[in-house]
Amino acid sequence: GKPNPAADFQGKTFREVILAPTRIYVKPMLELMKHMKVKGIAHITGGGLTENIPRILQEGLSAIIQKNAWPRPALFSWLQEHGNVAESEMHRVFNCGVGMVVVVDKNDAPAAMDLLTRQGETVWAIGTIEKQSAGQPQTVVS
């Protein structure tokens, strides 16, 4: 059915939400790199979380992402429900509300999150990088 724009999309129309421009993260990322070593950056575009994150990981490493670590925007829930899309497919195709993944040393994470928040970004700690187990994909969303 037709989406209810006010109730489903925080007062924006479906058209406004679906046609929102891609966020540009250059300035906050450059500022972050001035202050600490950034081990990886993945812009989560076409290919979603499970296809973009492996591009920045060394062989033998896996990103373990906790899907409850951030609020999923209503648009993605609507797409999943009305498109009958499996959860694994949602993470393979869409960013599900995570536009950029930044990998830093775990000891730098609090400072990185603080700096990016001060740069106007909304930041979540969404997972960890671990040694990849045999047969494990390079990105696991659970």
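Just so you know, these numbers come straight off a predicted model, no measurement behind them. (Residues numbered from 1 in each chain as written. Predicted model: local features only at pLDDT ≥ 70, side-chain atom pairs only at ≥ 80, totals over all residues. Heavy atoms only, no water.)

Tallied over the entire structure, the rule returns 8 salt bridges. A salt bridge links Arg-92 to Glu-89, with the nearest nitrogen and oxygen atoms 2.9 Å apart. Residue Arg-92 and its partner Glu-89 are located together in helix H6 (residues 87–93), separated by 3 residues, close to a single helical turn. Because the salt bridges share partners, they merge into one network encompassing Glu-51, Glu-89 and Arg-92. (Salt bridge = Lys/Arg side-chain N within 4 Å of Asp/Glu carboxyl O. Helix = DSSP H or I, 4+ residues; strand = E, 2+ residues; numbered from the N terminus.)

So, about helix H5 (residues 74–83). Every buried residue of H5 is listed here: Leu-75, Phe-76, Trp-78 and Gln-80. Asn-84, located one to two residues past H5, shows a positive phi value of around 50°. (Buried < 20%, exposed > 50% of the residue type's maximum accessible area, 1.4 Å probe, protein only.)

Our next topic: the side chain of His-91. Among the secondary structure elements, His-91 is positioned in helix H6. Leaving out residues up to four positions away in the same chain, His-91 has contacts with Gly-47, Gly-48, Leu-49, Thr-50, Lys-67, Arg-72, Cys-96 and Val-141. (Contact = heavy atoms within 4.5 Å.)

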